[in-house]
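# Residue-level structural notes
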Amino acid sequence: MVLVVGVIFLGVAVGLHHQDRPYDNGVTTNGTVTAFTSSTDSSNRIRYERAISFTVPGNRSVTIRDVEGRGYRQPVVGEKVDISYRAGEPGEAKVVPPPSAYQAWMTPLFAALSLGLVLTGLIGVLGPALRRRAARRAAHG
């Protein structure tokens, strides 16, 4: 069980690491918040979704929705944000937030915790088998 939890945590650590990073071999550009909508969540808190526009080669304008919402802070129309997209797929762009203190410690924490759990799980699974094997070898001389 510990091994399974460790593998799950390792997946979370990898996800946290890649979540807010630009796409590998992607294009990074500046976008502008052009509009936003608001909705109320189940806790009656207002949640915002931004419309962000940016220009791709060929002087074509693309607008995406920041569906992750980035929290409950009201967006500012005209705010500049970093955008990353894969060449040929600008409609699948994502916002790349500035580095945060949260990321600086959360990803390594999850990675260390998950590796500790994986190692503990492996020792728990492999330890008894290795002891039995050593006992058989000792019994056979």
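Scoring rules and cut-offs
Residues numbered from 1 in each chain as written. Predicted model: local features only at pLDDT ≥ 70, side-chain atom pairs only at ≥ 80, totals over all residues. Heavy atoms only, no water. Helix = DSSP H or I, 4+ residues; strand = E, 2+ residues; numbered from the N terminus. Buried < 20%, exposed > 50% of the residue type's maximum accessible area, 1.4 Å probe, protein only. Contact = heavy atoms within 4.5 Å. Areas by Shrake-Rupley, 256 points an atom, 1.4 Å probe, with all protein chains shown as cover. Core = buried A, V, L, I, M, F, W, Y, C linked by side-chain atoms within 4.5 Å. Salt bridge = Lys/Arg side-chain N within 4 Å of Asp/Glu carboxyl O.

### A look at the overall build of the chain
- When helices and strands are counted, the chain shows two helices and five strands.
- For the chain, the α and β elements follow one another from N to C terminus as α-β-β-β-β-β-α.
- Taken across its 141 residues, the chain has 26% of its residues classed as buried.
- A separation threshold of at least 6 residues defines the contact pool for the chain, and within that pool the share at least 24 residues apart is 62%.
- Split by element, the accessible area of the chain, about 9400 Å² in all, is 60% carbon and sulfur.

### Considerations on the nonpolar core
- Core analysis: the largest hydrophobic core is formed by 11 residues, namely Val33, Ile52, Phe54, Val56, Val62, Ile64, Val81, Ile83, Tyr85, Ala93 and Val95.
- Every element with two or more residues in this core is listed here: β2 (46–56), β3 (60–66), β4 (80–86) and β5 (89–96).
- Non-local contacts of Ile83, meaning those with residues more than four positions away in its chain, are made with Val27, Thr28, Thr29, Asn30, Gly31, Ile52, Phe54, Ile64, Ala93, Lys94, Val95 and Val96.

### As for the pattern of salt bridges
- Across all of its chains, the model carries two salt bridges by this definition.
- When the shortest N-O distance is used, the salt bridge between Arg65 and Glu49 registers 3.1 Å. Of this pair, Arg65 sits in strand β3 while Glu49 sits in strand β2, and the two are 16 residues apart along the sequence.
- Overall, Arg65 belongs to the partly exposed group, its relative accessible area being 40%.
- Residue Glu49 is classed as partly exposed on the basis of its relative accessible area of 24%.
- A salt bridge links Asp66 to Arg50; the shortest N-O distance between them is 2.5 Å. Linking Asp66 in strand β3 with Arg50 in strand β2, this pair joins segments that are 16 residues apart in sequence.

### Concerning the environment of Pro90
- Structurally, Pro90 can be placed in strand β5.
- A relative accessible area of 8% means that Pro90 is categorised as buried.
- Note: C-alpha distance between Pro90 and Val27 (63 residues apart in sequence) is 8.9 Å.
- Residues within four places of Pro90 in sequence aside, it is in contact with Phe54, Val56, Arg60, Val62, Ile64 and Tyr85.

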